Amino acid sequence: MLVNGVRAPFERFTEKSATPTTPTSGKPAFPAEQASSYALSFADVYLNYDPAVAADREKQLAQFIAPGVDPQLGWGNAGKSVLRSAQVFSVDAQDVNRAVVTLLVQANDRLFQLAVPVYAKDGALAISGRPAALPAPPRAALPSANQDRDSALETELQEPLTGFFKAYGSGDTSSLQRYSDPPVTGLGNAYALSALKEINAPQGNANSRTVNATVVWQVSPVQNKASGGTLEQTYQLTMVKKDGNWYVTDIRGSTLPAAS
């Protein structure tokens, strides 16, 4: 059974988590990436259970667990569980053969971590014991957004950024060339600009500035279904002023704390 959203973002691993199979020292290391994929596939079976399909679950688990381990890994054959998503959070290698792959999962309307013990040897892998549920990582408190804002520039950018985001949502190439230099790639009519809600521009250079802009998108209908509604999203924009006009030179996600 495949669950949408179950994936392993290996590019986010820490250096410790993404230890190569053969490091520069020449000594073998625990195969973190292979074990992570293995643990994700295992979790798709482990966190989806239902007495009606208990026998099928046991057969699927047998593909992962080492011989002699409880075939249901401690499940009491009662209750139901549905896994919505799982991602690799960390890999803690104890030695070349043993590690705990910790997953960040959403199951049964809860977010938590699942620590999965994995054994590796000579290219073979096995779940070596019962996983352990751990609390979700604590939520960080955001710092206060204290900065000296340039209100005059925020007003000046209303017109060019409104035009830019209209073109960005639709993917209108000619309009993007007017408002960005070099021209950025738009979203291909996935969104339509409903409103430019806010521009946040710190004080800085007269002819170049990095600003944040919050827009309200109208989500385009998909396959002739009902409207997708609206979404507010915040962008970080690098801008330059040429011949009296402001142009977007780069657009990316923003770290600006979201206001209510």
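What you are looking at is a predicted structure, and each value in this text was computed from that prediction instead of being measured.

Draft legend 1. Expanded view of the packing of aromatic side chains. Under the criterion given, the structure shown has 13 aromatic pairs. The interplanar angle of 75° and the centroid separation of 5.1 Å between the aromatic rings of Phe164 and Phe165 together place this pair among those described as edge-to-face. Residues Phe164 and Phe165 agree in their burial class; the two are buried. For the ring pair Tyr191 and Trp217, a centre distance of 5.4 Å and an interplane angle of 35° mean the geometry is tilted. With Tyr191 in strand S6 (residues 191-200) and Trp217 in strand S7 (residues 208-219), this pair connects stretches of sequence that are 26 residues apart.

Draft legend 2. Representation of helix H1 (residues 32-46) in the model. Its 15 residues give H1 an end-to-end C-alpha distance of 20 Å, which sits within 8% of 21 Å, the value for a rise of 1.5 Å per residue. For H1, every residue scored as buried is listed here: Ala32, Ala35, Ser36, Tyr38, Ala39, Leu40, Phe42, Ala43, Asp44, Val45 and Tyr46. In the core, the buried residues of H1 are packed alongside helix H2 (54-61), strand S1 (83-93), strand S2 (98-107), strand S3 (110-121) and strand S4 (124-127).

Draft legend 3. How the structure looks around the nonpolar core. Ranked by size, the top nonpolar core spans 30 residues in total, and within it Phe42, Leu103, Val105, Val116, Val118 and Ile127 carry the most contacts. Every residue in contact with Ile127, bar those within four places of it in the chain, is listed here: Tyr38, Phe42, Phe64, Ile65, Ala66, Val116, Pro117 and Val118. Phe164, Ala167, Ala201 and Val219 belong to the second-largest nonpolar core, a separate cluster that totals 26 residues.

Draft legend 4. Up close: the pairing of strand S9 (residues 245-253). With eight bridges connecting them, strand S8 (residues 230-242) and S9 associate as antiparallel partners. The residue bridging Lys242 from the neighbouring strand is Asn245, located in S9. Linking S8 to S9, which pair antiparallel, is a turn of two residues; within it Asp243 sits at a positive phi near 50°.

Draft legend 5. Representation of the confidence of the model for the protein within the structure. Scored by pLDDT, the protein comes out at a mean of 88, with 86% of its residues at no less than 70. When pLDDT is averaged over each element of the protein, S2 comes out on top at 98 and helix H5 (residues 173-179) at the bottom at 94. Low pLDDT, under 50, characterises residues 1-22; the predicted model gives this stretch 50 contacts beyond four residues in sequence or across chains.

Draft legend 6. View of the environment of Val96. With respect to the helices and strands, the residue Val96 is situated in the loop between S1 and S2. For the pair Val96 and Pro28, spaced 68 residues apart in sequence, the C-alpha separation works out to 6.6 Å. Setting aside residues no more than four positions away along its own chain, Val96 makes contact with Pro28, Ala29, Phe30, Pro31 and Ala120.

Draft legend 7. Main features of unusual backbone geometry. Along the chain, Asp181 connects to Pro182 via a cis peptide bond; the corresponding omega equals 0°. Positive phi outside glycine occurs at Asp109, with the angle close to 65°. With a phi angle near 50°, Asp243 is a residue other than glycine that sits in the positive phi range. Positionally, Asp243 belongs in the loop between S8 and S9.

Draft legend 8. The sheet that holds S9, seen in detail. Pairing is antiparallel across the open sheet formed by four strands, whose spatial order is S6-S7-S8-S9. Looking along the sheet, the strands with just one partner apiece sit at the ends: S6 and S9. The mean angle between the axes of side-by-side strands here comes to 40°, regardless of whether they run parallel or antiparallel. The strands that helix H4 (residues 158-170) touches are S6, S7, S8 and S9; relative to S6, the one it contacts most, it runs at about 145°.

Draft legend 9. Local environment of the pairing of S8. In terms of strand pairing, S7 meets S8 through eleven bridges, oriented antiparallel. When the bridges of S8 are listed, Val216 appears paired with Glu232.

Draft legend 10. Focus on the pattern of salt bridges. Overall, the coordinates contain ten salt bridges when judged by the stated rule. Its salt-bridge partner being Arg252, residue Asp250 comes within 2.7 Å of it at the nearest N-O pair. Look at Asp250 and you get partly exposed, because its relative accessible area is 25%.

Draft legend 11. Main features of the packing of H1 against H2. Running from N to C, H1 and H2 point in directions that differ by 165°, and their axes come no closer than 9 Å. On the basis of their axis angle, the class for H1 and H2 is roughly antiparallel. As for the relative orientation of H1 and H2, their crossing is left-handed in sense. Taking contact as the criterion, the partners of Phe42, Val45 and Tyr46 in H1 are, on H2, Arg57, Gln60 and Leu61. Residue classes in the contact of H1 with H2 are distributed as four nonpolar, one polar and one charged.

Reading the values: the criteria
- Residues numbered from 1 in each chain as written.
- Predicted model: local features only at pLDDT ≥ 70, side-chain atom pairs only at ≥ 80, totals over all residues.
- Heavy atoms only, no water.
- Phe/Tyr/Trp six-rings, centres within 6.5 Å; stacked < 30°, edge-to-face > 60°.
- Buried < 20%, exposed > 50% of the residue type's maximum accessible area, 1.4 Å probe, protein only.
- Helix = DSSP H or I, 4+ residues; strand = E, 2+ residues; numbered from the N terminus.
- Expected span 1.5 Å × (residues − 1).
- Contact = heavy atoms within 4.5 Å.
- Core = buried A, V, L, I, M, F, W, Y, C linked by side-chain atoms within 4.5 Å.
- Pairing = 2+ DSSP bridges.
- pLDDT = per-residue confidence, 0-100.
- Axes fitted to C-alpha atoms, helices over the stretch in contact; angles between N-to-C directions.
- Salt bridge = Lys/Arg side-chain N within 4 Å of Asp/Glu carboxyl O.
- Parallel < 35°, antiparallel > 145°, perpendicular 65-115°, else oblique.
- Left-handed = near helix turned anticlockwise from the far one by under 90°.
- Nonpolar A, V, L, I, M, F, W, Y, C, P; charged D, E, K, R; others polar.

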